[in-house]
Amino acid sequence: MKIQEVLSYIEQLAPRHYAEDFDNTGLLTGYSQEEVKGILVTLDCLENVIDEAILKKCNLIVTFHPIIFSGLKNLRPDNYVKKAVIKAIKNDIAIYATHTALDNAKNGVSYRMAQELGLCDIKTLIPKKELIKKLITYIPHDDFETVKEELFKVGAGQLGNYKECSFTINGTGTFLGGENSNPAIGKKGNRTTVEEKLLSITFLPHLESQLLKTLFKCHPYEEVAYEITTLNNQYDHIGMGAIGEFKKDLSINEFLKLSKERFKTGIVRHSNSKVKKIKRVALLGGSGAFGIKNAIQSGADAYITADLKYHDFFLGDSILLCDVGHFESEQFTKNLLHEYLSKKFSNFAILCADAQTNPVNYY
């Protein structure tokens, strides 16, 4: 089993295409064609995690946070980032980071937070817009079903809980091949009229390369006419944060106690709020102050996130704002990735890191 096969499987869960522009996801060190000996899954990839990978004979570390985030101007071991990177390279350890690609995944970081809290009917809090793409192409009648089925096989026409979605219009196409053409229908130098079908089919952007490769391979024409556009629609299955509901209302104290227990945090910082009962809860793992307005607009009674600043809490009048800590909000990511990989691969060790990486302590 090559490292690339594992990475390809991870990107089915969290395609890198959906990572935020500022991020640094993907393979940070190592060779994708090396054979996998063992996988260590972690939230952060610090030097002590590299030591654990060496001890447990794991040559692939799958981490949530990328150890290389800003540019490195040298590889002198003068800070914690470079020390970890140097040790990984010296010991032939590949490091792969998911970060905001997994944040935006349907069953990613915030969804897992909601599940751990015991919420039901979980949805995306901040769905992405201008994400869905549409392919329009023109196919001769006799080849139409073959081309359509091949496009379905690579994921075209699949959105949310539905697949094999398309729209068809019958029409007539014309073309005139030049001297160097080799038309599949008709003769070069003569205008040809063909009864065709227009196929309109939507797809997600990470599939575009494979979709076009498939189209060109199975379409009978030498030159394939097609159009790709990006739709302005909101796509509810990809985006930041999650929102769900408890089966029954909780009091403020019951909710804060539950949050502290489930997120295993030393303290829950929270706002003053006029809310009396908690039923609908929004969550966003990591630094989530930017999602406060979305949580309020969604009708949430409470919003759980991390890294809220002093003035952020003044926004918590109509909603209970809760800061459970950055590490604490994302801690279940390690388990999520471990469970996902364990379902697929059983011919080498897949381990959760024991090394402590939370830099924040409570007294």
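Here the structure is shown first, and the text comes after it.
## Points about the packing of aromatic side chains
Throughout the structure, instances matching the rule amount to nine aromatic pairs. With a centroid separation of 6.2 Å and an interplanar angle of 75°, the aromatic rings of Phe246 and Phe255 are classed as edge-to-face. Classification of Phe246 as buried rests on a relative accessible area of 7%. For Phe255, a relative accessible area of 0% puts it in the buried group. Judged by centre distance (5.4 Å) and plane angle (80°), the rings of Tyr310 and Phe314 are edge-to-face.

## Re the sheet that holds strand β2 (residues 38-42)
Remark on secondary structure: sheet strands pair via backbone hydrogen bonds, oriented parallel or antiparallel. The strand order β1-β4-β3-β2-β15 describes an open sheet built from five strands, whose pairing is mixed. Edge strands, defined here as strands with exactly one partner in the open sheet, are β1 (26-29) and β15 (349-352). On average, each strand axis in the sheet is inclined to that of its neighbour by 25°, with strand direction left out of account. Pairing geometry for β2 and strand β3 (residues 60-63), over four bridges, is parallel. Of the residues in β3, the one forming a bridge with Thr42 is Thr63. Packing against the sheet, helix α2 (residues 47-55) makes contact with β2, β3, β4 (94-97) and β15, and its axis sits at approximately 155° to β2.

## Overview of the sheet that holds strand β6 (residues 133-140)
Read from one edge to the other, the open sheet built from four strands follows the order β7-β8-β6-β9, with strand pairing classed as antiparallel. The open sheet has two edge strands with one neighbour each: β7 (167-176) and β9 (226-230). Across the sheet, the mean angle separating the axes of adjacent strands is 25° when strand polarity is ignored. The sheet contact formed by β6 and strand β8 (residues 191-203) spans eight bridges and is antiparallel. Note that in β8 the partner of Ile136 across the bridge is Ser200. Across the sheet, helix α6 (residues 141-153) touches β6, β7 and β8, and the angle it forms with β6 is around 150°.

Conventions we followed
The residue numbers shown here count from 1 along each chain, following its written sequence. With the structure being a predicted model, the display of local features is reserved for residues of pLDDT at least 70 and the display and counting of side-chain atom pairs for 80 or more, all residues being used for whole-chain, interface and lining totals. Side-chain metrics in this entry use all non-hydrogen atoms of the structure; hydrogen atoms and water are not considered. Stacked, tilted and edge-to-face are the three classes assigned to paired rings of Phe, Tyr and Trp, where Trp is represented by its six-membered ring and a pair needs centres within 6.5 Å; plane angles under 30 degrees give stacked, over 60 edge-to-face, the rest tilted. Throughout this description, buried means an accessible area under 20% of the type-specific maximum (1.4 Å probe, protein chains only), exposed means over 50%, and partly exposed covers the range between. Pairing between two strands requires that DSSP report at least two bridges joining them. Numbering of helices and strands runs from the N terminus; a helix is a DSSP stretch of H or I covering at least four residues, while a strand is a stretch of E covering at least two. The angle between two axes is taken between their N-to-C directions and runs from 0 to 180 degrees, where each axis is a line fitted to C-alpha atoms and a helix contributes only its stretch in contact. By definition in these notes, contact holds between two residues if any of their heavy atoms fall within 4.5 Å.

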